[in-house]
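What the coordinates show
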Amino acid sequence: FIDNPENTSFSYDPDNFYWNFTLKLAEEQKKISEGRCLLHFPDLIEGLDTLEAMRGGQNLIYDLYDRPEWVHQSLERITELYFYYYNRLYELLRDDTGGSCFWSWGPGKTAKFQCDFSAMLSPELFGEFMVPVLQQMTRKVDYSIYHWDGPDALKHWEHLVNIRDLDVIQWIAGAGQLPSEDSSWWPYYHRILEAGKGVMIQNVTLDGLKALKREFGDKWKRFIIRTSYDTRKEIDQAFSIAEDV
C-alpha cells in the first residue's frame, strides 16, 4: 500500500484496531493462564519483511538500488517502533521470573527475528540492509532466535554466524526439501555450533535423533528440537535418547 515512498512516515497509532486487539488478547491470556503455562509472544515480524509487506516485493527490490537511504531510514524507524510494541507485550506476557517465550523459553527478553525476503537478496545486499538491523535487535533482547527459511537463504550463513549477539539459528528446510534431520544440512549445523550458537530444528524422527547425537557428540546439547510423536512409548524413547549422555 506504499505508493509514494518519499511521502511515507511510520508512527504509533494508539487507536489501531489490531494493536488493541493484540493487547486485549494478551491480557486475557495472562488472566486465564494464572501462571499455569507459558505465554507465547505473537509473531511481530520486523525489518525488510515488514517493509516488503507494505511496499511489495518487486518495488522493494528496486528501492534497494533507487532509494537505498529511504530503505535504511525506514528500517531504523520500523526497528524503533518494533521495540515499543515488544516491550509493551513483554510486560504482559513475561512470567514471574521475567522469562518469556517464542518457540523456546528464555530467562529474560526472548525474541524471534527473521528475513524471509533474504531469499531474493545477494549476500552483499543482505549484509548492507538487514545485518545492521539484526545486530541492533539482538543487542536489545536477552535471547534471540533467527528463523532461517529455505535453501535460497543458505547463502547468508556467513553473515548470520557472525552476528555476535544472536543466540540460536532455527533452520527450516522448506516445502519439498529433505527434512531438517538429513545429513545434507549437517555442514551448516557445524558452522552454527562452531560460532558458539545453538541450532533449532523440528519434526525429527527417533532415528534422526540418534544420528544427530552420533554426529555432533557433546555439541548435541546445544540443539533445540521441536517435534512430536504419536505414542507415549515413542516419547519415552525420545527422552531416553536425549538424556543418555
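Below you will find a few notes about this structure.

Cut-off values and rules
Residues numbered from 1 in each chain as written. Predicted model: local features only at pLDDT ≥ 70, side-chain atom pairs only at ≥ 80, totals over all residues. Heavy atoms only, no water. Core = buried A, V, L, I, M, F, W, Y, C linked by side-chain atoms within 4.5 Å. Buried < 20%, exposed > 50% of the residue type's maximum accessible area, 1.4 Å probe, protein only. Helix = DSSP H or I, 4+ residues; strand = E, 2+ residues; numbered from the N terminus. Contact = heavy atoms within 4.5 Å. Salt bridge = Lys/Arg side-chain N within 4 Å of Asp/Glu carboxyl O. Pairing = 2+ DSSP bridges. Axes fitted to C-alpha atoms, helices over the stretch in contact; angles between N-to-C directions. Right-handed = clockwise from strand over helix to strand, strands pointing away.

Core analysis: the biggest nonpolar cluster contains 69 residues, and L48, L51, V71, W148, Y189 and L212 have the highest contact counts within it. Of all the elements, helix 4 (residues 68-93) adds the most residues to this core, at 12 residues. Among residues more than four places away in sequence, those in contact with L51 are F10, G56, L60, W70, V71, S74, L75 and I78.

Take the pattern of salt bridges next. Applying the stated rule across the entire model yields eight salt bridges. A salt bridge links D43 to K112; the shortest N-O distance between them is 2.7 Å. One end of the pair, D43, is in the loop between helix 1 (17-33) and helix 2 (47-55); the other, K112, is in strand 3 (residues 110-114), and 69 residues separate them in sequence. In this structure, R232 engages D236 in a salt bridge whose closest nitrogen and oxygen atoms are separated by 3.0 Å. Here R232 and its partner D236 are both found in helix 9 (residues 232-243), four residues apart, which amounts to about one turn of the helix. Take R232: its relative accessible area is 60%, and that puts it in the exposed class.

A word on the sheet that holds strand 3. Here we have five strands laid out as an open sheet, ordered 3-4-5-6-7, and parallel in their pairing. The sheet is open, and its two borders are formed by strand 3 and strand 7 (223-226), each paired with just one other strand. The sheet shows a mean angle of 25° between the axes of neighbouring strands, direction not considered. Packed onto the sheet, helix 5 (residues 123-139) meets strand 3 and strand 4 (143-149) and runs at close to 175° relative to strand 3.

Here the focus is the pairing of strand 4. Most of strand 4 sits inside the fold, with five of its seven residues counted as buried. Examined bridge by bridge, strand 3 and strand 4 share five bridges and lie parallel to one another. The residue bridging Q114 from the neighbouring strand is H147, located in strand 4. Regarding topology, helix 5 serves as the crossover connection from strand 3 to the parallel strand 4, and that connection is right-handed. As paired elements, strand 4 and strand 5 (residues 168-172) share five bridges and run parallel to each other. Considered in strand 5, the bridge of I145 is made with V168.

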